[in-house]
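In case you want the letters, here they are:
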Amino acid sequence: MCKVAAASRDEKGLGGTGLFNLLDEPWLSVRVVDGSADPSAPSLGPVEDVGLRHLLLEADRLQDLVVDLPTQKPAIFRQLLLPVVVHALGWPADAATWTGMFRSGAFTPEQRRKLAGYLDEHRHLFDLFDPVAPFGQVAGLRTVKGETKGSALLVATAATGNNVPLFSSRTEGDLLELTPAQAARWLVHTHCWDTAAIKTGVVGDPQAKSGKTTGNPTGPLGQLGVVMPRGRTLYETLLLNIPFGRVPLSDDLPQWLRRAGEGRVEDTLSCGTPTWQTRSARGLLDLWTWQSRRIRMVPEETPAGLRVTRVVVAAGDRLMSTPADEPHTTWITDRAASRTRKSGKITTAPAYRPRRHQPGRAGWRGLEALLAAGGVTESRETTSTRAGFHTSLLLSRLGEVMDRMPQTYPLQIELTGVTYGNQSAVIEDVFFDEIPLPLTALDPDGVIYGTLLEAVDQAEKLAGAVNNLSADLRRAAGSEPIPWDKGQRPGDTLLHALDPLVRRLLAGLRKTGEDFDQSERGLEAWERQAGVATSKVAEQVFATATPALFVGRTVSRDGKEYVYRLSSAERGFRARVDAILTRRQLSARTSEPQR
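Presented here is a report on the structure given in the accompanying data block. (Residues numbered from 1 in each chain as written. Predicted model: local features only at pLDDT ≥ 70, side-chain atom pairs only at ≥ 80, totals over all residues. Heavy atoms only, no water.)

### Overview of the sheet that holds strand β12 (residues 331-334)
Spatially, 3 strands are ordered β15-β12-β16 in an open sheet, and the strand pairing comes out antiparallel. The open sheet has two edge strands, β15 (351-354) and β16 (389-390), and neither has a second partner. Relative to β16, β12 runs antiparallel, the two sharing 2 bridges. Bridge pairing in β16 links I332 to F389. (Pairing = 2+ DSSP bridges. Helix = DSSP H or I, 4+ residues; strand = E, 2+ residues; numbered from the N terminus.)

Take a look at the structure:
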């Protein structure tokens, strides 16, 4: 840390202990392990507020973070929890080291000493309102005229500028007083998810013009469909989100050390003077703690206590691209994106881009991407790559060690994302879903892998069958089918009805392990229930039929004539459903009485 900064702090008589230190102040809400006799199905324990030190050192006794908005969780993990653990203890060297840590279920006494020592050594860097180096902020950040804006600028759910949530009860003119705990959570959230709207131009920003900075990208997580594995305790969740086998890089540092002048010279915010960069991440510690914005929060004493009501939020560092080792996303493979010449022939090299979650689409409908293990080699391509997806680094690593873990381990996958609108300047929607994922499903050659993909494929085909039925009946009535991108189609209603059935199948298969007979019984039960749900939705479609549909009408298309009537539409629908639910159809045939 620069000597001037240290002197300034001492002159103020603060000695590195500000008004709100994130290590000790209770700014994180956690759910405590309830002591259930069945660790695979724990019930919800009580909620407590703790500081960062308590959370990490007692991580094995805590179930999960409790947050104001789902997008806060990956922000807190990436901006604080994961980088502190990794920088204090180092990366797990290999699969054996990672597995040993996971099986232990808690940090060892030596690891706890290292964590406590790390936090003590860098305690002064975690003060939220430090006068020289406030955590995640820039002291003295100011505009030419010294203006500040309301603290709602940090809060994704609050109205500010063009970002007005649909059901917000507040307006931009309403004063929003954030407690220090709330301000800390929204601070890290802003670094990860902030919109690409025009930012306040501040002194020193080389891209600021007329008091504004344009062309800002969203926060790094805004480019992704975030995929986070979750375990039974916070300790397990931490391990599940730390990939093993990484080579430590000397210049890969969390932001609090770069800002303190302990990183490379060109990366520091020397003595409170910010620098702006457009560059690639040095490594995962740098990526996780990326400072996509320059922020200064203004605390003030109010009758209710210390509050943040005014802020300065400016453009920050710009990430050149999402690195290939970004662990918290699945990938789309674009074969047409890159071409190279080899041996005189043009070959296509797959290019990867982060896969984003689709609003209104249940997480299990993206299982094809979550389970797309493998990649590209010089000799061949895996099926998953040809399908256009590649799974996340974390799930890929889990697939490598799953034979060393209990087959029935209750793995949960949390999916988080943000939908932006109007040139990514406003937040339109927040996506969150969690699905129970059998650990054995990560084996592309296993029974459960095929079972799950088959069930998801059947669900999509059943929705298509119901949509085709609706389209045929509408043509018979003289109307056009409902466009796929407009209006509510009956297939969407069916997928909503199938949602709890798929989740029940996922949870059930998580308990069976690689047992073919049990997985087949699970699929048979799924097909029976899916058939019932499909019939109910189809009945609603048939209920709209008018007497004219019995006669139907003839439609000429592409030089051919097609006859659409109720009877042929129903016959075609029944045939499609039977072709999709083959086990149910076979069971119905074998159960018919012999004549």
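### A look at helix α14 (residues 490-512)
Look at α14: 33 Å from first C-alpha to last across 23 residues, which is about the 33 Å you get at 1.5 Å a residue. At L498, α14 shows its strongest bend, of approximately 35 degrees, with the proline P500 following within four residues. Where α14 ends, the next residue or the one after it, G513, has phi of about 70 degrees, a positive value. (Expected span 1.5 Å × (residues − 1). Bend = angle between axes of the 7 residues up to and from the residue.)

### What to know about unusual backbone geometry
Positive phi, close to 50 degrees, is recorded for N422, a residue that is not glycine. Along the chain, N422 turns up in the loop between β17 (412-421) and β18 (426-436). Note on N422: relative accessible area 53%, which makes it exposed. (Buried < 20%, exposed > 50% of the residue type's maximum accessible area, 1.4 Å probe, protein only.)

### Focus: the environment of S29
Turning to its location among the elements, S29 is positioned in strand β1 (residues 28-32). According to the relative accessible area criterion, S29 is buried, its value standing at 18%. A C-alpha to C-alpha distance of 6.4 Å links S29 and V50, two positions 21 residues apart in sequence. Excluding its chain neighbours within four sequence positions, the residues that come into contact with S29 are V47, E48, D49, D64, L65 and V66. At a separation of 2.6 Å, a polar atom in the side chain of S29 contacts the side chain of D49. (Contact = heavy atoms within 4.5 Å. Polar contact = N/O pair within 3.5 Å; in protein donor to acceptor, adjacent residues only side chain to side chain.)

### Quick word on empty space enclosed by the protein
What the rule picks out here adds up to 6 cavities of 30 Å³ or more. In this structure, the second largest cavity spans a volume of roughly 110 Å³. The wall of the second largest cavity is formed by T330, R355, R356, H357, Q358, R361, A362, G363, G366, L370, L415 and F431. For the lining of the second largest cavity, the class distribution of residues is 4 nonpolar, 5 polar and 3 charged. (1 Å grid on protein atoms, 1.4 Å probe; cavity = no way out; pocket = protein on both sides within 12 Å on 5 of 7 lines; lining within 4 Å. Points joined across faces, edges and corners; volume = space filled by probe spheres on them. Nonpolar A, V, L, I, M, F, W, Y, C, P; charged D, E, K, R; others polar.)

### Concerning the packing of helix α13 (residues 447-476) against α14
Their axes nearest at 10 Å, the elements α13 and α14 cross at an angle of 165 degrees. One element, α13, and the other, α14, form an angle in the roughly antiparallel class. Here the hand of the crossing between α13 and α14 comes out right-handed. Within the contact between the two elements, α13 uses I448, T451, L452, A455, A459, E460, L462, A463, V466, N467 and S470 and α14 uses P490, G491, L494, L495, L498, L505, L506, L509 and T512. Residues belonging to the contact of α13 with α14 are distributed by class as follows: 14 nonpolar, 5 polar and 1 charged. (Axes fitted to C-alpha atoms, helices over the stretch in contact; angles between N-to-C directions. Parallel < 35°, antiparallel > 145°, perpendicular 65-115°, else oblique. Left-handed = near helix turned anticlockwise from the far one by under 90°.)

### Examining the packing of aromatic side chains
Here the structure, examined in full by the defined rule, presents 9 aromatic pairs. Summarising the aromatic geometry, the rings of F126 and F135 are spaced 5.6 Å apart at their centres and angled 20 degrees between planes, so their arrangement reads as stacked. Put simply, the rings of W98, F102, F244 and Y409 pair up and form one aromatic cluster. The ring centre of W91 lies 5.4 Å from the NZ or CZ of R246, which sits over that ring. One cation-aromatic arrangement involves R397 over F244; the distance from NZ or CZ to the ring centre is 5.4 Å. (Phe/Tyr/Trp six-rings, centres within 6.5 Å; stacked < 30°, edge-to-face > 60°. Lys NZ or Arg CZ within 6 Å of the ring centre and 35° of its normal.)

### Here we look at the pairing of strand β9 (residues 293-302)
By the bridge criterion, 10 bridges tie β9 to strand β10 (residues 305-315) in an arrangement that is antiparallel. Note that in β10 the partner of V298 across the bridge is R310. Count of turn residues in the β9/β10 antiparallel hairpin: 2 residues.

### Some remarks on the packing of α13 against helix α17 (residues 566-580)
Packing of α13 against α17 brings their axes to within 9 Å, and their N-to-C directions diverge by 175 degrees. Relative to α17, α13 is oriented roughly antiparallel. Counting all contacts with α13, which are made through Q458, K461, L462, A465, V466, N468, L469, D472 and L473, the residues of α17 involved are L566, A569, E570, F573, R576, V577 and I580. In the contact of α13 with α17, the residues fall into 10 nonpolar, 2 polar and 4 charged.

### What about the sheet that holds β1?
Strand order in the open sheet made by the 3 strands is β2-β1-β3, with antiparallel pairing throughout. Every other strand in the sheet has two partners, leaving β2 (47-50) and β3 (62-66) as the edge strands with one partner each. Averaged over all neighbouring strand pairs, the angle between strand axes comes to 40 degrees, with direction disregarded. Both β1 and β3 contribute to a ladder of 4 bridges, which runs antiparallel. Bridge pairing in β3 links S29 to V66. Taken strand by strand, helix α3 (residues 72-89) contacts β1 and β3, and its axis lies near 110 degrees from that of β3.

### Here we look at helix α12 (residues 393-401)
For the α-helix, the turn length of 3.6 residues means that residues three or four positions removed from each other point alike. Three or more residues of α12 are buried, namely L393, L394, L395, L398 and V401. Summarising the contacts, the buried residues of α12 are in contact with α4 (95-104), β7 (226-230), α7 (234-240), α10 (367-370) and β17.

### Points about the environment of R142
Structurally, R142 can be placed in the loop between α5 (109-121) and β4 (149-150). As for R142 and G204, which are separated by 62 residues in sequence, their C-alpha atoms are 9.3 Å apart. Setting aside anything within four residues of it in sequence, one finds R142 in contact with V202 and V203.

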